[in-house]
Each structure stands twice: as structure tokens, then as C-alpha cells.
Amino acid sequence: MLANAAGFQVNEHSAAGLGRAFAGEAAIADDASVIARNAAGMSLLDKQVFTAAVSYIKPEVDVRRDGYKIAKHVADEAVVPTFYYVRPIDERWTVGIGGFSNFGLATHYGSASGITPAADKTELMTYNLNPSVAYQVRDDLSIGFGVNIVYADATLTSTLTTPHSPMTLSKLTGDDLGYGWNAGIIWQATEATRMGLSYRSEVKMTLEGKVSSDINPNWNTGGSVDLTLPSIAELSVHHQFNDQLAIHASALHTGWSSFDKLATDLDNGQAFPTIQEQWTESWRYAVGMTYQHNDQWIWRTGIARDNSPVRNEYRTFRIPDADRIWISVGGSYKVDRAQSIDFGYAYLKSQEVDINEHSPVGMMHAEVPAADVHILSLQYNYRF
């Protein structure tokens, strides 16, 4: 999976949110998935709710050089599962727990591409277990807090093609468990307008594992890479025009400046190449609409602009990131008083970008044409 939000961020927390391009998420509590965007929103749920969703992501990312395609579908398909449970304790307190991902990445170049000395296989998987609590301060104001327990696992390989067979230039594998926190607030400004503000802290991790190489025996040892998953802040507004129509908007800031380099420390003290990233802060803007067709059916749509944190001069083959536009549609069907189904589809279009990267065999240049990403999501909700 090539992360479908800026950098290697993952937004797929719910099918309901996908249908409106994740606009207004910090101010909306359709179901228990509100834990992933603003824990304070749990106060808006007046009964126990269980939510589970699965998203299928199909990127179509190619790489070309001098007008010729040298690598096809370098980003892998992926399935992203999530689950949430929220339980009101009394009129003021609500607790919940969620399992979801905020970051992930997978790219893979074939040996025929000529790119593999710079980047062959890149995988980063993270999963966040997020116990949370919300407190209703007064009728129009709620606050929330949660703890992030994040597991990360990564693999990075580079391969040198020889006349006989490919040889591993370097392979790094590692994992770690990190911790962070999140907090949020929801304010019912007027009878029709609700605002939400949420924040997720950085999570600092050291991915410890091993390094191996068929080329350099000094690299056959244990090793580690420091990785800081960035902070996320979101400001959202939800406005109910009438009984049927509501609009939503969000501005989401990700603190990507914490991702300045990929530096590997080898246990034997030998030197290992450092990859300069030097990412910048990024913003995502989204607007969406919800229409209550009748007691059973709800329709959603949205559009978003997602700005890349990658500077042109530091773009790498491992993460060929670019600005992108989202267009989303979705809906909900109420099965009965307790059960409902949400579904969503999003189409993403990224800008064309160039990559100029130093590798062990010299400078490599390629173009990444405007890429397409298709996302489908299905969700089940049960209200006890």
C-alpha cells in the first residue's frame, strides 16, 4: 500500500468518513469510529456502540524514464481493518477503545526497473490500540483523552542486479512498540453548528532488528532506525442546515518536519548510508455533505486537497509522494433499530513528479506520472 494520504499517512478509519472525504471528522460522531479522530465525540453517543470497518486500497502508481515505463504498479494493494467500542458510564463519562492505523507504506520495484539499488522493497506497517475516555463538562462542551499504543514493523531492501542473479545490497528489518497520547474538545456553538479540535502526539520509536548484505560483510549485524511518527491536529466544523442536509469541513495538520532522515545505527559500529528526507509540515483540507434521504438511507459526498510534505529535491523512490485530490461518495443503510451498514468510495488523483536520487551506483532519475488510487470501504455498526 502506498499511503493514500500525504507522506505515509493512512486516513481509512471508517466507511462513513470515507464517503465525505473525511471532512468534519473531529466534530462528527456517527458511530464509535469517532475515537480515531476526536475522543471527545464519544460524549455524543448515548448508548453502547460497536463499529468495525474494512477498507480496500488499490493504488495505480507507475514509474517511467525518458517516456518509457520502467516499473508498473510499484505500490501494493492493501486491506485496512479497524474496530471500535464505546460505552457510556453515566450522564457525564464515556469510555471506549479503538484499533486502527494512522501510518503505513508499501512500495516494490522489479529488478527490470533499474531502480533497485536505490530502493527495492519498502514496507512500514503500524497499528494503534487507543483506549479513550470522554467527559461532558456541560451540555454544549465535552473533552476527551486517550493513550496511543502503537506497534510498528518495517522492512527496507536494496538490490543489485548482476548477470547471474540479484544480490542484496542491504536489507533492514525491525520493529518496536511506542506510546503517545491524544486529546480533543467538542463545542456545540449553536443549535445547528458544532466545532471540534483534536490533537495526536508524536510517537517516537526505535525499530530494532538486523541488517544483512551480500555485498558488504560489515553490514551483517544487528541494527536500528529511529522513527518519529508525526503529530496530527485537526479542526472541524459541522453545520446542520435542516433536518435533511448537513455540511462539514476540516483542516488537518501533520507535523512531518519530525521526519528529517532515515539513519541506521549498526551494532558493530560500522557506517551505513543515511537517507536525507527533510520533510515539511503539511495540510489537508476537506469539505463534505450529508443528506438524510429517509429513515433508512443516508447519502454522503466530499472533496479534499492533500498537500505532500516532500520537497522536490528530497523525493525518493521509497516514498514517491505528491500532492493529491480526493473525490468521495458513500452512504448508510439502517437495517433495524440496532444495526446499520456504511459504505464509501474515494478516487484520488496525484500530481506528476520527478525523482532525482543518489544511490550506491550513482544518480538515478525517473518520473512518476499522475497516479490513481481507488478506495472502497464497508462498515458495520451495532447499537446496544
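All values derive from a computational prediction rather than experimental measurement.

J.: What's the story with the overall build of the protein chain in this structure? I'm lost.
T.: A count of helical and extended segments in the protein chain gives one helix and 24 strands. In terms of C-alpha radius of gyration, the protein chain reaches 22 Å, essentially the compact-globule figure of 21 Å for 384 residues. Summarising its shape, the C-alpha atoms of the protein chain cover approximately 70 × 45 × 30 Å along the three principal directions. By the burial criterion, 53% of the 384 residues in the protein chain qualify as buried. Restricting the contact set of the protein chain to residue pairs at least 6 apart, pairs at least 24 apart contribute 68%. Accessible surface, the protein chain: about 16500 Å² in total, of which carbon and sulfur atoms supply 56%. For the protein chain, the separation between the mean place of its 29 positive charges and that of its 43 negative charges on side chains is 3 Å.

J.: Quick question: what am I supposed to make of the pairing of strand S20 (residues 324-334) here?
T.: Look at any regular strand and the pattern is simple: side chains alternate between the two faces of the sheet. Pairing geometry for strand S19 (residues 297-306) and S20, over ten bridges, is antiparallel. By the bridge assignment, Ile298 is partnered in S20 with Ser332. Judged from the eleven bridges that link them, S20 and strand S21 (residues 339-350) form a sheet pairing that is antiparallel. Each residue of the ladder has a partner; that of Ser332, found in S21, is Asp342. Connecting the antiparallel pair S20 and S21 is a turn made up of four residues.

J.: Hey, could you run me through a negative patch on the surface in this one?
T.: Taken together, the side chains of Asp153, Asp175, Glu208, Asp226, Asp265 and Asp267 present a region of like negative charge at the surface. Within the fold, Glu208 resides in strand S11 (residues 203-212). When its relative accessible area of 52% is taken as the criterion, Glu208 is described as exposed.

J.: Please clarify how a nonpolar patch on the surface should be interpreted in this entry.
T.: Together, Val137, Ile143, Ile185, Trp187, Met195, Leu197 and Leu235 line one region of the surface with nonpolar side chains, adding up to about 560 Å² of accessible area. Following the sequence through the fold, Val137 ends up in strand S7 (residues 121-138).

J.: Before we go on, may I ask you to explain the pairing of strand S10 (residues 193-200) in this structure?
T.: Taken together, the seven bridges between strand S9 (residues 167-188) and S10 define a ladder with antiparallel strand orientation. By the bridge assignment for S10, Asn182 is matched with Arg200. With antiparallel pairing between neighbouring strands as the criterion, S9 and S10 make up a hairpin whose turn holds four residues. Here eight bridges tie S10 to strand S13 (residues 232-240), and the two strands are oriented antiparallel to one another. Within S13, the residue paired with Ser198 across the bridge is Glu234.

J.: Would you mind showing me how to read the nonpolar core here?
T.: The nonpolar side chains of a soluble globular protein tend to be buried with one another. Formed by 27 residues in total, the largest nonpolar core has its most connected members in Phe8, Leu227, Leu229, Phe259 and Trp279. Of all the elements in the fold, those that place two or more residues in this core are strand S8 (141-160), S11 and strand S12 (221-229). If you look at the next biggest cluster of nonpolar residues, it comprises 17 residues, including Val63, Ala75, Val353 and Ala371.

J.: I would appreciate a short explanation of the pattern of salt bridges in the present structure.
T.: For side chains of opposite charge, pairing can occur when their charged atoms come near one another. Applying the stated criterion across every chain yields a total of 15 salt bridges. Linking Lys69 and Asp62 is a salt bridge whose minimum nitrogen-to-oxygen distance equals 3.4 Å. On the basis of relative accessibility, which here comes to 53%, the residue Lys69 falls in the exposed class. The class for Asp62 is buried, based on a relative accessible area of 18%. Of the charged contacts, one joins Arg300 and Asp342 as a salt bridge, the two residues approaching to 3.4 Å between their closest N and O atoms. With Arg300 in strand S19 and Asp342 in strand S21, this pair connects stretches of sequence that are 42 residues apart. Of the two residues examined, Arg300 and Asp342, each falls in the buried class. It is possible to trace a salt-bridge network through shared partners that takes in Arg20, Glu25, Asp30, Arg300 and Asp342.

J.: Which parts of the structure should I look at to understand the side chain of Ser14?
T.: Along the chain, the position of Ser14 falls in the segment before helix H1 (15-19). Assessed through its relative accessible area of 3%, Ser14 is described here as buried. Polar contacts involving the side chain of Ser14 include one to the main-chain amide nitrogen of Gly17, which spans 2.9 Å. In this structure, Ser14 is in contact with Phe22, Glu25, Ser33, Ala53, Ser377 and Gln379, ignoring residues within four places of it in sequence.

J.: How should the environment of Ser43 be read in this particular structure?
T.: Counting through the fold element by element, Ser43 comes out in the loop between H1 and strand S1 (49-60). Residues Ser43 and Trp93, spaced 50 residues apart in sequence, show a C-alpha to C-alpha distance of 7.4 Å. Discounting residues that sit within four places of it in the chain, Ser43 has contacts with Thr94, Ala134, Tyr135, Gln136 and Ser142.

J.: Help me understand the packing of aromatic side chains, please; the structure alone is not making it clear to me.
T.: In this description, a pair of aromatic rings is defined by centroid distance and the angle of the planes. Throughout the structure, instances matching the rule amount to 21 aromatic pairs. Summarising the aromatic geometry, the rings of Trp283 and Tyr285 are spaced 6.0 Å apart at their centres and angled 5° between planes, so their arrangement reads as stacked. What makes Tyr285 partly exposed here is its relative accessible area of 41%. Taken together through their ring pairs, the aromatic side chains of Phe8, Phe103, Trp256, Phe259 and Trp279 make up a single cluster. The ring of Trp326 carries Arg284 above its face, with NZ or CZ at 4.5 Å from the centroid.

J.: Help me out: how do you make sense of the side chain of Ser101 in this one?
T.: Counting through the fold element by element, Ser101 comes out in the loop between strand S5 (93-100) and strand S6 (104-108). The exposure class assigned to Ser101 is buried, which follows from its relative accessible area of 8%. Of note is the side chain of Ser101, whose polar atom sits 2.9 Å from the backbone oxygen of Thr126. Residues in contact with Ser101, not counting those within four places in the same chain, are Val10, His13, Thr126 and Tyr127.

Cut-offs applied
Residues numbered from 1 in each chain as written. Predicted model: local features only at pLDDT ≥ 70, side-chain atom pairs only at ≥ 80, totals over all residues. Heavy atoms only, no water. Helix = DSSP H or I, 4+ residues; strand = E, 2+ residues; numbered from the N terminus. Rg over C-alpha atoms; globule rule 2.2 N^0.38 Å. Buried < 20%, exposed > 50% of the residue type's maximum accessible area, 1.4 Å probe, protein only. Contact = heavy atoms within 4.5 Å. Areas by Shrake-Rupley, 256 points an atom, 1.4 Å probe, with all protein chains shown as cover. Lys, Arg positive; Asp, Glu negative; His and termini not counted. Charge placed at Lys NZ, Arg CZ, Asp CG, Glu CD. Pairing = 2+ DSSP bridges. Patch = residues over 30% accessible without salt bridge, like charges linked within 9 Å, V, L, I, M, F, W, Y side chains within 5 Å. Salt bridge = Lys/Arg side-chain N within 4 Å of Asp/Glu carboxyl O. Core = buried A, V, L, I, M, F, W, Y, C linked by side-chain atoms within 4.5 Å. Polar contact = N/O pair within 3.5 Å; in protein donor to acceptor, adjacent residues only side chain to side chain. Phe/Tyr/Trp six-rings, centres within 6.5 Å; stacked < 30°, edge-to-face > 60°. Lys NZ or Arg CZ within 6 Å of the ring centre and 35° of its normal.

Interpretation note: all reported values are geometric properties and have no functional meaning in isolation.
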